[in-house]
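Each chain, written out:
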Amino acid sequence: ERLVGPTSQPQGLNVHSSQFVSAGGAAWKYRIVLTQNLNRGTVSSGRMRFLVEGVRDGRLARVDWTQLHQNPAAPEQPYSFRYFQELEGSVMLPEGFVPQRVRVSLLGGDVAVERDFDWQTART
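The following paragraphs examine the structure supplied in this document. (Residues numbered from 1 in each chain as written. Predicted model: local features only at pLDDT ≥ 70, side-chain atom pairs only at ≥ 80, totals over all residues. Heavy atoms only, no water.)

1. Brief notes about the environment of Val104
Here Val104 shows up in strand β7 (residues 97-108). For Val104, a relative accessible area of 0% puts it in the buried group. Considering only alpha carbons, one finds Val104 and Ile32, 72 residues apart in sequence, at a separation of 8.5 Å. Contacts of Val104, omitting those with residues within four sequence positions, involve Val15, Ile32, Met48, Arg49, Phe50, Val113, Glu114, Arg115 and Phe117. (Helix = DSSP H or I, 4+ residues; strand = E, 2+ residues; numbered from the N terminus. Buried < 20%, exposed > 50% of the residue type's maximum accessible area, 1.4 Å probe, protein only. Contact = heavy atoms within 4.5 Å.)

In structure tokens, the structure reads:
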């Protein structure tokens with residue numbers, strides 16, 4: 001109710017939050033929360049992916065969705081919801097990579113949304 005309750009500001013498709021929890025070693029579990037309350041009752045559907053930006057060997061680097069899943073054919077994660085949805089999964093960061101920022105991308109119908117999160121606030 002706090003995400004889409006009667007006192008919240010109307011907002012279209014949005015990445016509300018991202019959370020990453022260490023699963024040991026280079027493995028991380030993630031939870032991405034998507035919301036929309038602008039078109040109440042309308043189903044938002046599409047695909048989600050993210051990349052992680054950081055430093056590796058003293059240079060700026062990006063680790064994209066397929067690298068995070070260690071699979072060049074890794075499909076984007078589908079979503080379909082009315083008010084909110086939690087997407088969960090796990091990924092692997094490369095050895096020696098120091099994450100700094102997460103960029104979550106949503107592509108649904110004629111809507112594209114990107115939102116960046118600082119790794120320190122996304123990591124728990």
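2. Topic: the packing of aromatic side chains
A complete count under the given rule lists 8 aromatic pairs for this structure. Seen from their ring centres, Phe20 and Phe50 are 5.4 Å apart, and the 85° between their planes marks the pair as edge-to-face. Residue Phe20 is found in strand β1 (residues 14-22), and its partner Phe50 is found in strand β3 (residues 44-56); the two are separated by 30 residues along the sequence. Across the pair, exposure class does not vary: Phe20 and Phe50 are buried alike. Judged by centre distance (4.9 Å) and plane angle (80°), the rings of Tyr30 and Phe50 are edge-to-face. With Tyr30 in strand β2 (residues 27-35) and Phe50 in strand β3, this residue pair connects regions lying 20 residues apart in the sequence. Given the relative accessible area of 5%, Tyr30 is considered buried. On the accessibility criterion, Phe50 (2% relative accessible area) is buried. The rings of Phe20, Trp28, Tyr30, Phe50, Trp65 and Trp119 are connected pair by pair, giving a single aromatic cluster. (Phe/Tyr/Trp six-rings, centres within 6.5 Å; stacked < 30°, edge-to-face > 60°.)

3. Observations concerning the nonpolar core
Met48, Phe50, Val104 and Leu106 are the most contacted members of the largest nonpolar core, which totals 27 residues. Those residues within four positions of Met48 in sequence are excluded, and the remaining contacts are Tyr30, Ile32, Trp65, Glu76, Gln77, Tyr79, Leu87, Val104, Ser105 and Leu106. (Core = buried A, V, L, I, M, F, W, Y, C linked by side-chain atoms within 4.5 Å.)

4. Observations regarding the pattern of salt bridges
Between side chains of opposite charge, pairing is possible as soon as their charged atoms come close. Counted according to the given criterion, the structure contains 9 salt bridges. Salt-bridge contacts for Arg47 lead to Glu76; the nearest nitrogen and oxygen are separated by 2.6 Å. Highlighted residues: Arg47 in strand β3 and Glu76 in the loop between α1 (65-68) and β5 (77-81), separated in sequence by 29 residues. According to the relative accessible area criterion, Arg47 is partly exposed, its value standing at 38%. Salt-bridge contacts for Glu114 lead to Arg103; the nearest nitrogen and oxygen are separated by 4.0 Å. One end of the pair, Glu114, is in strand β8 (residues 111-118); the other, Arg103, is in strand β7, with 11 residues separating them in the sequence. (Salt bridge = Lys/Arg side-chain N within 4 Å of Asp/Glu carboxyl O.)

5. Some details on unusual backbone geometry
Phi at Asp57 is positive, roughly 55°, even though this residue is not glycine. Following the sequence through the fold, Asp57 ends up in the loop between β3 and β4 (59-63). Backbone geometry places Gln70, a non-glycine residue, at a positive phi of 55°. Here Gln70 shows up in the loop between α1 and β5.

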